[in-house]
Structures are given as C-alpha cells and as structure tokens.
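# Residue-level structure breakdown
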Amino acid sequence: MNFRWDPAFTLGIDLGGTKILVGVVDREGNVISRAKRSTPASEGGPAIVTAILDAAGEAIQSSGLSSDQVALAGIGSPGPLDVHAGVIRWSANLNVRDFPIASELSRGLGCPVALENDVRAGGYAEYRLGAGRDYRNVVFAFVGTGIGGCVVVNGELIDGVTHNAGELGHMVIKVGGPRCGCGSRGCVESLASKTAIARRIQKAVRKGLPSVLGERIARKGRLKSRDLAEAVQAKDLVALNEVQRSAHFLGVGLGNLINVLGPEAVVIGGGVSHALGDSYTEMVANSAHNRAIADPEHVTIIRRAALGDNAGILGAAIIAQERFAQGEIPRAHHPESAQPALAAPPGSKA
Ligand SMILES: [Zn+2]
C-alpha cells in the first residue's frame, strides 16, 4: 500500500519564556484557532508540558475539530536544543535541562511532534508565508527582550555545522561594549535589544532626564514594547533617543551581514519592531544601508515582518509538516497508541 500522509490540521506551539501560544493551522497556512497560557517558567519541564497540553485542548476545542483530526504537532522552543532527539538541552528562561519535550508532548497529544528553535521557526514562517515569501535569500532579525535571527540561503534555512547558525544577535559590533547575556561584550543584543533600551532609559532617568518610562520600568520590573511605542508616539525624548540608538546598532549589524551575504531581503520582526512599526524599520534600514558598502544601490530590501505573533505557531506547524512528509520525524516521537492512526488517519485523502 502506497500512501502519503498529509495531515489537514497541524498544531503549532510557540513556547516562550513568558508565554505559550498554541494554534491550529490548516494546510494552507491559516491559523484557525489560538490559545494562550503563561509559561510556568520556574516550575520545570512537566509543568510546561501540562500548560501546553491545556492550551492545545482549548485551541482544538475552539477550532471546532475533534482532537484526532489534529494529527501532527510542531513546537518552537528556546534552546540550545537537540532538534533531532526532540530534547531541550537547557534554557536559561525555562529552568529545564535535557528535557525530552517532543516525546512528552507526543504522549499527551497522541501524535508525532517536531521540535525546532523558536527563532528559526518564526523566521521560516516569514520565509514561507510572510515578508520573505518572494525571496530565496533572506536574513531575519527578531528584536525583543533579546535578539535572535536566522538565515535562508537558496531557500534553505542555514543550520551550519554547529546547528546554531544565524545567531546574529551575538555578533560583536562594539568591542569592550556593554556586557551581553551570553557573557560576551558589545554584541548587537547588548546594544539594540529591548533589554538594552530599558537599561539606557533607566540610566538617563537616573541622570535626571524626564521620561514616563522610568517609573513604568520600575513598577513592572521590565520594559513592555507597547509602553515603549506609546512613549515614542508621545514624543518622549529619552524613549525616542534610545529607540534611534537601538535602530542604529541593529543596522550596523545588519549592514555587516548585507556585506557578507548579499541577501535579497532583510526582514525585521519581534515585539519591538512589531510595536514600533515601520518608522523603526526605516531607521534600521538607513543605518544598515549606510554601512553596506557592498550594496551601494540599496538592492537589498529591508522590510518589517508580516506575521506578528503568529509566526512562531505557523513556523512550528510548517516545519512539522515538512519533516513528517520527508520521513524525518524519528519513530521515537510516534506514541505507540498513535501507530494505527498513522496508517489510516481520520480525514486523510490516502
Ligand atoms: Zn551576546
């Protein structure tokens, strides 16, 4: 018997340090329902699995489908990961170590589960369905609490021999600069991320410069992208200045990458870019073009990501579909109970 298993609906899971987003994705790449939970980040792996399963149940229920119609799942997670074993090696944000998240979720969901790095999943979704879909050579940068990225060359998400290629947030652009979360100094992330913006705003406020954000950061314990965008809109000078500096530093890093890789497009996403909109992207583009000596005609297009916070859900789902179609999801991820369903999945066109 020869058949191709082509799941009509896939669960996409975006596991972040603060929130979990789960969505049901159809074959055309539409998110047909979503559910959200806070990440029980300090409670470890089993609590995270419980929260994901809870959100998955809600997303499936609100999609109007039955749970056996959703016969495949993908998850994007912070790492480092062992993608092929389905294991989170460790994560500073999740309090887990060597946790077999794919098999644990597979058992709970009753279907195969593919694991991928969260940033790579989001970038891949933008490449396939979003702002990068017209190109085959794209650099993706995601600016939030940290800065992540990935690179697509000739239509392939670059893995590298390290399996960690694309970490553009940790390019050093200011030797001896501010300490980065990675332990190095002067990385793009240490100068352009939301964490860097918040640190400089607090420093400016301590020096006596007025900003509505000083009090908000102190009260909430962190800078929210929405608060930053509101302050910029209200022409808060400290906020404006620090956003410009962030855009400048990110542009320096991206200009380097344009020189090295000559991509067709650079796509900028993440919470900061999403909240600040096109004006931030333009500032980054100006800074990048100013440094891209290899691109004097500004041939490389620099644009904002298009999928918002659905990118992680969509990327995880698409990667799961592709890996499964190519037979790359190891048998170990198939729960024993799901084996018969793989031969005759409900609703399949086998
Ligand atoms: Zn770093």
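Residues numbered from 1 in each chain as written. Predicted model: local features only at pLDDT ≥ 70, side-chain atom pairs only at ≥ 80, totals over all residues. Heavy atoms only, no water.

## Some points on the pattern of salt bridges
Here is the rule we go by: What makes a salt bridge here is a side-chain nitrogen of Lys or Arg within 4 Å of a carboxyl oxygen of Asp or Glu, nothing more. Here a strand is any run of E in DSSP of at least two residues, a helix any run of H or I of at least four, and the numbering for each starts at the N terminus.
In this structure the tally under the stated criterion is 15 salt bridges. Close ionic contact of R216 with E230 constitutes a salt bridge, the shortest N to O distance being 3.5 Å. Note that R216 is positioned in helix α6 (residues 212-220) and E230 in helix α7 (residues 225-233), a separation of 14 residues in sequence. Sharing partners across several salt bridges, the network here consists of E116, R120, D159 and R323.

## Observations regarding the packing of α6 against α7
Our working definition: Lines fitted to C-alpha atoms define the axes here, with helix axes fitted over just the stretch in contact, and angles between the N-to-C directions of these axes take values from 0 to 180 degrees. We call two directions roughly parallel when the angle between them is under 35 degrees, roughly antiparallel when it is over 145, roughly perpendicular when it lies between 65 and 115, and oblique otherwise. We call two residues in contact when some of their heavy atoms are within 4.5 Å. Three classes are used: nonpolar for Ala, Val, Leu, Ile, Met, Phe, Trp, Tyr, Cys and Pro, charged for Asp, Glu, Lys and Arg, and polar for all others, with Gly counted as polar.
Packing of α6 against α7 brings their axes to within 10 Å, and their N-to-C directions diverge by 170°. One way to sum up the angle between α6 and α7 is to call them roughly antiparallel. Facing α6, whose interface residues are V212, L213, R216 and K220, α7 presents D227, L228, E230 and A231. The residue inventory of the contact of α6 with α7, partitioned by class, reads 4 nonpolar, no polar and 4 charged.

## Some remarks on the packing of aromatic side chains
As a reminder of what qualifies: For Phe, Tyr and Trp, where Trp contributes only its six-membered ring, two rings pair if their centres lie within 6.5 Å, and the inter-plane angle classes them as stacked under 30 degrees, edge-to-face over 60, or tilted in between.
Counted under the stated rule, the structure contains 1 aromatic pair. Between Y124 and Y127, the ring centres sit 5.9 Å apart and the planes meet at 40°, which makes this aromatic pair tilted. Here Y127 and Y124 lie together in helix α3 (residues 118-129), a separation of 3 residues that amounts to about one turn.

## Observations concerning the domain arrangement of the chain
As a reminder, the rule being used: Here the limits of each domain have been adopted from an automatic or database domain assignment.
What the domain assignment reports for the chain is domain 1 (9-117 + 309-343) and domain 2 (131-306). Inter-centroid distance (C-alpha atoms) of domain 1 to domain 2 is 28 Å.

## Quick word on the coordination of the zinc ion
To keep things clear, this is the line we draw: With water omitted from the atoms examined, metal sites may look incomplete; donors here are N, O and S atoms no farther than 2.8 Å from the metal, or 3.2 Å in the case of Na, K and Ca. Think of it this way: with four donors and all angles in the 85 to 135 degree range, the site is tetrahedral; with four or six donors, opposite ones beyond 155 degrees and the rest between 65 and 115, it is square planar or octahedral; otherwise it is irregular. Accessible area is worked out with a 1.4 Å probe on protein chains only. A residue is then buried under 20% of its type maximum, exposed over 50%, and partly exposed in between.
With distances of 2.0 to 2.4 Å, the protein atoms coordinating the zinc ion are H170 (ND1), C180 (SG), C182 (SG) and C187 (SG). Geometry at the zinc ion is tetrahedral, judged from the 4 donor atoms that bind it and their angles of 106 to 123° at the metal. In terms of primary sequence, the donors binding the zinc ion are separated according to H-x9-C-x1-C-x4-C. With a gap of 17 residues between them, H170 in the loop between β11 (156-157) and α4 (188-192) and C187 in the loop between β11 and α4 connect regions that are remote in the sequence. A relative accessible area of 28% means that H170 is categorised as partly exposed. A relative accessible area of 0% means that C187 is categorised as buried.

## Focus: the sheet that holds strand β1 (residues 9-15)
Condition: We treat two strands as partners when DSSP finds at least two bridges between them.
The strand order β3-β2-β1-β4-β8 describes an open sheet built from 5 strands, whose pairing is mixed. Only two strands of the sheet have a single neighbouring strand rather than two, namely β3 (31-38) and β8 (113-117). Between one strand axis and the next, the sheet turns by 20° as a mean value, whatever way the strands run. Direction of pairing for strand β4 (residues 70-77) relative to β8: parallel, over a ladder of 5 bridges. Looking across to β8, one finds that G76 is bridged to E116. Where helix α1 (residues 45-63) meets the sheet, it contacts β1, β2 (19-26), β3 and β4, and its direction lies at approximately 150° from that of β3. The sheet contacts of helix α11 (residues 311-325) involve β1, β2, β3, β4 and β8, and relative to β1 the element is tilted by about 130°.

## Here's the deal with the sheet that holds strand β6 (residues 87-91)
Read across the sheet, 3 strands follow the order β5-β6-β7 without closing on themselves; strand pairing throughout is antiparallel. Two strands close off the open sheet at either side, each with one partner strand: β5 (81-82) and β7 (96-99). Note: β6 against β7, 3 bridges, orientation antiparallel. In the sheet register, I88 faces β7, and the bridge partner there is F99.

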